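One letter stands for each residue in the lines below.
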Amino acid sequence: MTGQVADTMVFMDDEPERGAADDAEPGPAMEALREELARTRAELKTAHEDLDVFSQLTSGYWWSARTVESGLEVRAWTTRSFTRTTGHDSAYVRELASAADAKLHLDDTEAYASIVEAVMRGTSAGGRDQAVHEFRLLGRDGSIMWVRQRLDGRGEGTGRRVHASGELITERKRTEDALGHVEARFLSLVEHAPNVIVTIDLEGTILFVNRQVPVDGREPWELIGSSVFELAGGQSGPDLQAAITEIVERKSAHEFRLRGIIAQGAEERDARWYEVQGAPVMRGGSVVAITMILTDVTERRVAELALRRSEARWRFLWENVPDRITELDADGRIVVTNRAVGERRAEELYGTHVFAHLSPEAGGALRRAMENALRTGAPSSYEISLPAGGAGERERWWSNRVVPYVDGGARGFLLIGTDVSDRKSAERERANLEAQLRQQQKLESIGTLASGVAHEINNPIQSIMNYADLVRIRAEPGGVVADFAGEIVAETERVATIVRNLLAFARQEKEHHSPARISEVIESTLTLMRAVLRRSQIDVRVEIPPDIPPIKCRSQQIQQVFMNLIGNARDALDARYPESDDNKCILIQASVQERDGEPWVRTTVEDHGSGISLDAIDRVFDPFFSTKARNEGTGLGLSVSHGIIREHRGELEVESMPGEYTRFHVNLRVDNGWGLDLDLET
């Protein structure tokens, strides 16, 4: 340590020479004095060392001034750290006591001198006894350093003492300046922030607010001291209280939504909505206040509500549109789809390849459509049929449209599939009706021709029959001529019967109907078909009990059904037995059954031909389905027969074992509910 007044210390080895009187034995008092002196020297040495360390750790100085007759008597000390930082020693500090001689920053010189002189005078002379002030001094290298100095004066007039201590506060001032800039920027940010920033106490009283709250209209200074609950409208008051409670209990930030107040006369939909971030203000480990930042999200909320409504409408359309809509990426992977495939839900299909869910035929058609769409840049369409998946299901037809799209650098396809099975069925039904119409027109033409031919044949047959009767009458009874004449009459009657049946079958159908016996319908049918069956060497067995009741029907239509069934049986037997065989037989049986207390007549046509395959038996009644060659059938016979029986409120059933047998059951009600028209042609 340096100073104007040097410290003097006396150590044991600096003792003065002792005289002869000192050679005497020291007394107890002298011994105690020496021990006290040794302790004092040790304490002074320790204090000197501590003061030296303190001088290195602190950056400060001290000076003391005493008023004397000749002026001021000043002593000064500096720490080593102060000297090292500023470059000044105690001589510079002594100048600080003489305010007029102090070398300070020009802006602080006058104020410094005024304060020091006031303390030097004291209160009795119009000055002051204490002062704390800050000023800037210039370092030896010209740098500016801040000092905080404390002054304390004691006494009056001559002999008054002033003690001063100073410390360097340059770093603190820099920190304060930085904090001041930060605070200024923060205040500017808060004042100009688009959000409403509110600080409240735990009771909800507003302590600070940075701007007006929309709809409220009061200035920020007018809101201070009012309740924050005045800014919450509707049910937001309890929500705000719950949020405050949670922030206080958890001592952590919390986010919530707040509905603002509504202007007088405004509607509920005009309310402002805020997204609030609340955070606790802590002091001593306790929450003393809460700061909330209110972000106006009204427009965003309106947009979100509109978006949710739009999304709900879109999702409703997406999930309920009858079409199957699938977005594919460039590689054919499913991006999104609105329909399940089999047992896999729509969301489970995302990311899978669409071709993994398609048959080879359907996958090939889709791939060709995608390639065509990429090549042309235009939508590509195709139709494909999917076979029935199981019993009771029908063949499905899909019309698919592949639309290419480019979204930035991504390419993909929109696949829109429409189930056109009903349209296809309608088209087939229309074609069936047109074919039936053409067939009916052919039958009408054939019927007209047959009717004409039958009439032409009927006249000569009647002549032959008459001449045969005349020959038989004039011939000798029991003779050969009479027998031959009888045979001629019998054969001409058989021909006449065939002609009558042909005329009845070819007669144009009318809307009326009459009771008919199944046995008579079968016999009329066989009358027309026996020659054909005989050429095919087919035996026909008819087992119809005589007590079968008549049924209400259009006999010509029922006869058409049996002609079709017997014709199909002939074809099946010819296919299995090209030549004569004991099993080449058609069995026709009839019986009465009761269903729900109502009598039905079941007629079965059975053959032991080639049978019907398992994959075809479910389709035998479909229009245009046929197992025969193209030039052997139209595929309409069973379809038309099925329609006729269904029109009679009956049932046409089939059972078959491939290579064994086929049975067609014609089930007709005895009374189908039709009224009878007895005014019929005979």
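Nothing here was measured: the structure is a model prediction, and the numbers come from that model.

## Some points on the overall build of the protein chain
Reasoning step 1: From N to C terminus, the protein chain includes 14 helices and 23 strands.
Reasoning step 2: Looking at the protein chain as a whole, 33% of its 682 residues qualify as buried.
Reasoning step 3: At a minimum sequence separation of 6, the contacts of the protein chain that also span at least 24 residues come to 52%.

## Comments concerning unusual backbone geometry
Reasoning step 1: The residue Gln537 is not glycine, and still its phi comes out positive at about 60°.
Reasoning step 2: Residue Asp596 is not a glycine yet carries a positive backbone phi of 55°.
Reasoning step 3: With respect to the helices, strands and loops of the structure, Asp596 is situated in the loop between strand 20 (585-595) and strand 21 (598-607).

## Here's the deal with the sheet that holds strand 10 (residues 273-283)
Reasoning step 1: If you walk across this open sheet you meet the five strands as 8-7-11-10-9, and the pairing is antiparallel. With one partner strand each, in any of the chains shown, strand 8 (206-209) and strand 9 (254-259) form the two edges of the open sheet. Shown here is a sheet whose adjacent strand axes are inclined to one another by a mean of 25°, direction ignored.
Reasoning step 2: Pairing geometry for strand 9 and strand 10, over six bridges, is antiparallel. The partner of Phe256 across the bridge, within strand 10, is Val276.
Reasoning step 3: Contacts between helix 7 (residues 236-250) and the sheet are confined to strand 7 (196-200), strand 9, strand 10 and strand 11 (286-296), with strand 9 contributing the most and set at about 165° to the helix.

## Examining helix 12 (residues 518-535)
Reasoning step 1: Over its 18 residues, helix 12 runs 25 Å from end to end, which matches the ideal 26 Å to within 8%, given 1.5 Å per residue.
Reasoning step 2: At Met529, helix 12 shows its largest bend, some 55°.
Reasoning step 3: Within helix 12, the full set of buried residues consists of Ile518, Val521, Ile522, Ser524, Thr525, Leu526, Thr527, Met529 and Leu533.
Reasoning step 4: Looking one or two residues beyond helix 12, the residue adopting positive phi is Gln537, at roughly 60°.

## As for the sheet that holds strand 20
Reasoning step 1: Here we have five strands laid out as an open sheet, ordered 18-20-21-23-22, and mixed in their pairing. At either end of the open sheet lies a strand with only one pairing partner, and these are strand 18 (539-543) and strand 22 (651-657). Neighbour-to-neighbour, the strand axes of the sheet open up by a mean angle of 20°, direction not taken into account.
Reasoning step 2: Across 10 bridges, strand 20 lies against strand 21 in antiparallel orientation. Residue pairing in the sheet places Ala590 in a bridge with Thr603 of strand 21.
Reasoning step 3: Those strands touched by helix 13 (residues 555-576) are strand 20, strand 21, strand 22 and strand 23 (661-669), and its axis lies near 30° from that of strand 21.

## What to know about the packing of aromatic side chains
Reasoning step 1: If you walk through the whole model with that rule in mind, you get two aromatic pairs.
Reasoning step 2: Above the face of the Trp600 ring, Arg595 is positioned so that its terminal group lies 4.5 Å from the ring centre.
Reasoning step 3: Taking NZ or CZ as reference, Arg663 lies 4.1 Å from the ring centre of Tyr661, over its face.

## Quick notes on the pattern of salt bridges
Reasoning step 1: Within the structure shown, the criterion is met by 38 salt bridges.
Reasoning step 2: Notably, a salt bridge pairs Glu304 with Arg257, separated by 3.6 Å at the nearest N-O pair. Highlighted residues: Glu304 in helix 8 (residues 298-320) and Arg257 in strand 9, separated in sequence by 47 residues.
Reasoning step 3: We classify Glu304 as partly exposed; its relative accessible area is 27%.

## A closer look at the environment of Arg150
Reasoning step 1: Here Arg150 shows up in strand 5 (residues 144-154).
Reasoning step 2: Along the chain, Arg150 and Trp62 lie 88 residues apart, while their C-alpha atoms are 9.7 Å from each other.

## A closer look at the environment of Glu655
Reasoning step 1: Along the polypeptide, Glu655 turns up in strand 22.
Reasoning step 2: Not counting the four nearest positions on each side in its chain, Glu655 is found in contact with Tyr661, Thr662, Arg663 and His665.
Reasoning step 3: Here the side chain of Glu655 touches His665 through a polar contact of 2.7 Å, side chain to side chain.

## Examining a nonpolar patch on the surface
Reasoning step 1: On the surface, Tyr467, Leu470 and Ile473 cluster together to form a nonpolar patch covering roughly 370 Å² of accessible area.
Reasoning step 2: Among the structural elements, Ile473 can be located in helix 10 (residues 421-474).
Reasoning step 3: Under the relative-accessibility criterion, Ile473 is labelled exposed at 66%.

## Side note on empty space enclosed by the protein
Reasoning step 1: Going through the model one piece at a time under the given rule, you end up with two cavities of 30 Å³ or more.
Reasoning step 2: The computed volume of the largest cavity comes to approximately 50 Å³.
Reasoning step 3: Its residues assigned to classes, the lining of the largest cavity shows eight nonpolar, no polar and no charged.
Reasoning step 4: Roughly 40 Å³ of internal volume is contained in the second largest cavity.
Reasoning step 5: Taken together, Val213, Pro214, Val215, Asp216, Leu231, Gly260, Ile261, Arg272 and Tyr274 form the lining of the second largest cavity.
Reasoning step 6: Its residues placed into classes, the lining of the second largest cavity shows six nonpolar, one polar and two charged.

## Quick look at the nonpolar core
Reasoning step 1: Residues Ile518, Phe562, Leu565, Ile566, Ile586 and Val666 are the most contacted members of the largest nonpolar core, which totals 38 residues.
Reasoning step 2: At seven residues, helix 13 tops the list of elements feeding residues into this core.
Reasoning step 3: With residues up to four places along the chain from it excluded, the contact list for Phe562 reads Ile518, Val521, Ile522, Thr525, Thr603, Val605 and Val666.
Reasoning step 4: Grouped together as the second largest cluster of nonpolar side chains are 28 residues, Tyr61, Val74, Ala97 and Met145 included.

Calculation criteria
Once a new chain begins, its residue numbering starts again from 1 and follows that chain's sequence as written. Restriction of local features to residues with pLDDT of at least 70 applies here, the model being predicted, together with a cutoff of 80 or more for giving and counting side-chain atom pairs; totals for whole chains, interfaces and linings are based on all residues. Heavy atoms from the whole structure form the basis of all side-chain values; hydrogens and water molecules are not counted. Comment: elements are numbered from the N terminus, with helices defined as DSSP H or I runs of at least four residues and strands as E runs of at least two. Exposure is judged per residue with a 1.4 Å probe applied to protein chains only, and the accessible area is read against the type maximum: over 50% gives exposed, under 20% gives buried, and values in between give partly exposed. Note on definitions: a residue-residue contact is assigned when non-hydrogen atoms from the two residues lie within 4.5 Å. Only strands that DSSP links by at least two bridges are regarded as paired with each other. Axis definition: a line fitted to C-alpha atoms, over the contacting stretch in the case of helices. Angles run 0 to 180 degrees between N-to-C directions. For a helix, the expected span equals 1.5 Å multiplied by the number of residues minus one. Bend angle per residue: angle between axes fitted to the 7 residues ending at that residue and the 7 residues starting there. Stacked, tilted and edge-to-face are the three classes assigned to paired rings of Phe, Tyr and Trp, where Trp is represented by its six-membered ring and a pair needs centres within 6.5 Å; plane angles under 30 degrees give stacked, over 60 edge-to-face, the rest tilted. Over a ring means this: the NZ of a Lys or the CZ of an Arg is within 6 Å of the ring centre and within 35 degrees of the ring normal. The term salt bridge refers to a pairing of a side-chain nitrogen on Lys or Arg with a carboxyl oxygen on Asp or Glu at a separation within 4 Å. In protein, a polar contact means a hydrogen-donor-capable atom and an acceptor-capable atom, both N or O and within 3.5 Å, with residues adjacent in sequence counting only if both atoms are side-chain atoms; elsewhere, any N or O pair within 3.5 Å suffices. Residues qualify for a patch when their relative accessible area is over 30% and they have no salt bridge, like charges being joined within 9 Å and the nonpolar side chains of Val, Leu, Ile, Met, Phe, Trp and Tyr within 5 Å. In these tables, accessible area is a Shrake-Rupley quantity obtained with a 1.4 Å probe, and a residue counts as shielded only by the protein chains included in the view. Put simply, the grid is 1 Å and covers the protein atoms alone, a cavity is a trapped set of points that fit a 1.4 Å probe, a pocket is an open set with protein on both sides within 12 Å along at least five of seven lines, and lining residues have an atom within 4 Å of a point. Grid points are joined across faces, edges and corners, and a volume is the space filled by probe spheres set on the points. Classification used: nonpolar for Ala, Val, Leu, Ile, Met, Phe, Trp, Tyr, Cys and Pro, charged for Asp, Glu, Lys and Arg, polar for all others including Gly. Note on terminology: a nonpolar core comprises buried Ala, Val, Leu, Ile, Met, Phe, Trp, Tyr and Cys residues joined through side-chain atoms within 4.5 Å.

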